[in-house]
Amino acid sequence: MSNSHLGTLYVVATPIGNLEDLSPRAARVLGEVAVVAAEDTRHTSRLLRHLGLSVPMLSLHEHNEAARVEQLDQRLLRGENVALVSDAGTPLISDPGFVLVRELRARQRRIVPLPGACALVTALSAAGLPTDRFLFQGFLPAKAGARRQRLEALELREETLVFYESPHRIRDTLQEIATSLGERRVVLARELTKTFETFLDGTAGFLLELMAADPDQARGEFVIMVEGAVVRGSVDAASLEANALLEALLDEGVGVKQAAAVAARLMGGAKKTWYAQAQTLKETR
């Protein structure tokens, strides 16, 4: 069959909160397709009702995505158009859809993205952190050990680090950021585009104090943005500068623990890394 007679898969970005953020193009396509493949049909039905649309839907989520590939491909082969949506934002960005898009692209089906809301980009645009380079890590592991391991592996990355997090793990994640990444600037975006949209700014420890004082600040869905590691000059120059700072502090009688805290605050990085370096310097003096 000629590709001109095949249907198209539209990857449609939907609002992350405010329904006015849906583009006119996305609204038109949703009303024209034969079926909408939705992460949660109950959630998407509310959007379609808001638009005054009555379109057939089928579920497509992490548990059934692989099984849906053949079913949706058959629709495309019949010349039907299909829309792929997630509960909020751009599909595939920490949401289902990758398996479907990968398989259909391998079969040379036509796939058209419709740009729109994305929590990652929305949060970065208002955070005031460097955006020329950033590293998106999606959701961190739920288990504490795996979460710590992931963060420690990111300690020396210079890009702005970006994570998604849920309300029931936000405090644990902030505590681990403080432990693993040290005294860095953290910007927390909460409930983006919704009534109680909030941006909190400070160290992870400071943000935990805010949540302790006002538990409402721990509600909602979060984008966590952490400034990257500070690297000053070449590796050799940075090492010399670090050693000089630690030696000066030790010469003034500052303890190893306090010297590590000062170095972490001034130069970035985790306190435990500075502690090990200061301890080595002290033992070799």
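Refer to the structure printed above.
Remember, it's a predicted structure, so these values are computed and weren't measured experimentally.

**Student:** Just to check I follow, could you spell out the sheet that holds strand S7 (residues 160–165) for this structure?
**Tutor:** Backbone hydrogen bonds hold the strands of a sheet together, and the pairing may be parallel or antiparallel. Spatially, S6-S7-S10-S8-S9 is the arrangement adopted by the five strands of the open sheet, whose pairing is mixed. Of all strands in the sheet, those bounded by a partner on one side alone are strand S6 (134–139) and strand S9 (198–202). Ignoring strand direction, the axes of neighbouring strands in this sheet form an average angle of 15°. Bridge analysis of S6 against S7 gives four bridges, and the strand direction is parallel.

**Student:** Is there a simple way to explain the nonpolar core in this structure?
**Tutor:** Nonpolar side chains in soluble globular proteins generally cluster together in the buried interior. Counting residues in hydrophobic clusters, the biggest one holds 21 residues, and the most contacted among them are Leu174 and Leu188. Listed by contribution, the elements that provide at least two residues to this core are S7, helix H7 (170–181), strand S8 (186–190), helix H8 (204–213) and strand S10 (222–226). Look past the residues within four positions of Leu174 in its chain and what remains in contact with it is Val186, Leu188, Ala204, Leu207, Leu208 and Met211.

**Student:** When you look at the environment of Ile111 in this model, what are you seeing that I'm missing?
**Tutor:** One can find Ile111 in strand S5 (residues 110–114). By relative accessible area, Ile111 is classed as buried at 14%. Separated by 162 residues in the primary sequence, Ile111 and Thr273 place their C-alpha atoms 47 Å from one another. Every residue in contact with Ile111, bar those within four places of it in the chain, is listed here: Leu9, Val11, Val101, Leu104 and Arg105.

**Student:** What's the story with the packing of aromatic side chains in this structure? I'm lost.
**Tutor:** We describe a pair of aromatic rings using the distance from one ring centre to the other and the angle between the two ring planes. One pass over the structure, following the stated rule, counts two aromatic pairs. Relative to Tyr164, the ring of Phe136 has its centre 4.9 Å away and its plane inclined at 65°; by these criteria the two rings are edge-to-face. In this pair, Phe136 is assigned in strand S6 and Tyr164 in strand S7, connecting sequence segments 28 residues apart. On the basis of relative accessibility, which here comes to 25%, the residue Phe136 falls in the partly exposed class. Pairing Phe139 with Tyr164 gives two aromatic rings, centres 5.7 Å apart and planes at 70°, and the pair type is edge-to-face. Of the two residues, Phe139 is situated in strand S6 and Tyr164 in strand S7; the sequence distance between them amounts to 25 residues. Overall, the relative accessible area of 38% leaves Phe139 in the partly exposed class. Through successive ring pairs, a cluster of aromatic residues spans Phe136, Phe139 and Tyr164.

**Student:** What should I look at first to understand the environment of Thr122 in this one?
**Tutor:** For Thr122, the location among the structural elements is in helix H5 (residues 119–127). A residue is classified by how much of its surface remains accessible, and Thr122, at 26% relative accessible area, is partly exposed. Setting aside chain neighbours within four positions, we find Thr122 in contact with Ile16 and Leu192. Of the polar contacts made by the side chain of Thr122, one reaches the backbone oxygen of Cys118; its length is 2.8 Å.

**Student:** What is the right way to look at the environment of Glu197 in this model?
**Tutor:** In this structure, Glu197 sits in the loop between S8 and S9. By relative accessible area, which is 38% here, Glu197 ends up partly exposed. Considered as a pair, Glu197 and Gly220 are 23 residues apart in the sequence and their alpha carbons are 9.3 Å apart. Sequence-distant contacts of Glu197, that is, excluding residues within four places in its chain, are made with Arg190, Glu191 and Leu192. Only 2.7 Å separates the side chain of Glu197 from the backbone nitrogen of Thr193, close enough to count as a polar contact.

**Student:** What is the right way to read the sheet that holds strand S3 (residues 57–59) from this model?
**Tutor:** The strand order across the open sheet formed by five strands is S3-S2-S4-S1-S5, and the pairing between neighbours is parallel. Here the strands that pair on one side only, and so sit at the sheet edges, are S3 and S5. On average, adjacent strands in this sheet sit at an angle of 25° to one another, irrespective of strand direction. For strand S1 (residues 8–12) and strand S4 (residues 82–85), the ladder comprises three bridges, and the chain directions are parallel. Looking across to S4, one finds that Val11 is bridged to Leu84. Packed on one face of the sheet, helix H1 (residues 24–32) meets S1, strand S2 (35–38), S4 and S5 and runs near 140° to S5.

**Student:** How do you make sense of the packing of H7 against H8 when you look at a structure like this?
**Tutor:** Helix-helix packing: each pair is described by the crossing angle between the helix axes and the interaxial distance. Direction vectors running N to C along H7 and H8 enclose 150°, while the axes themselves pass 8 Å from each other. When the axis of H7 is compared with that of H8, the two are roughly antiparallel. Seen from above, H7 lies across H8 with left-handed handedness. Note on element contacts: H8 touches H7 through Ala204, Gly205, Leu207, Leu208 and Met211, opposite Ile170, Arg171, Leu174, Gln175, Ile177 and Ala178. Among the residues forming the contact of H7 with H8, the class breakdown is eight nonpolar, two polar and one charged.

Rules and cut-offs
Residue positions within a chain follow its written sequence, with the count starting from 1. A pLDDT threshold of at least 70 governs which residues receive local features in this predicted model, and a stricter bar of 80 or more applies before side-chain atom pairs are shown or counted, although totals over entire chains, interfaces and linings include all residues. Only heavy atoms go into the side-chain values, all of them from the structure, while hydrogens and water stay out. By the convention used here, strands pair only if DSSP detects at least 2 bridges between them. Counting from the N terminus, the helices are the DSSP runs of H or I reaching at least four residues and the strands are the DSSP runs of E reaching at least two. Interaxial angle, 0 to 180 degrees, is taken between N-to-C directions of lines fitted to C-alpha atoms, where a helix line uses only the stretch in contact. Side-chain atoms within 4.5 Å are what join buried Ala, Val, Leu, Ile, Met, Phe, Trp, Tyr and Cys residues into a set we call a nonpolar core. Only protein chains enter the accessibility calculation, which uses a 1.4 Å probe; a residue is then buried when its area is under 20% of its type maximum, exposed when over 50%, and partly exposed in between. Should any heavy atoms of two residues lie within 4.5 Å, those residues are considered in contact. The pairing test for Phe, Tyr and Trp rings, Trp by its six-membered ring, is centres within 6.5 Å, and the orientation test on the planes gives stacked under 30 degrees, edge-to-face over 60, and tilted for anything in between. We call two N or O atoms a polar contact when they sit within 3.5 Å, provided that within protein one can donate a hydrogen and the other can accept it, with sequence-adjacent residues counted only if both atoms are side-chain atoms. Angular relationships are summarised with four words: roughly parallel below 35 degrees, roughly antiparallel beyond 145, roughly perpendicular across 65 to 115, and oblique for the angles in between. By the definition used in this description, the sense in which the near helix is turned from the far one sets the handedness, with an anticlockwise turn below a right angle giving left-handed and a clockwise turn giving right-handed. Three classes are used: nonpolar for Ala, Val, Leu, Ile, Met, Phe, Trp, Tyr, Cys and Pro, charged for Asp, Glu, Lys and Arg, and polar for all others, with Gly counted as polar.

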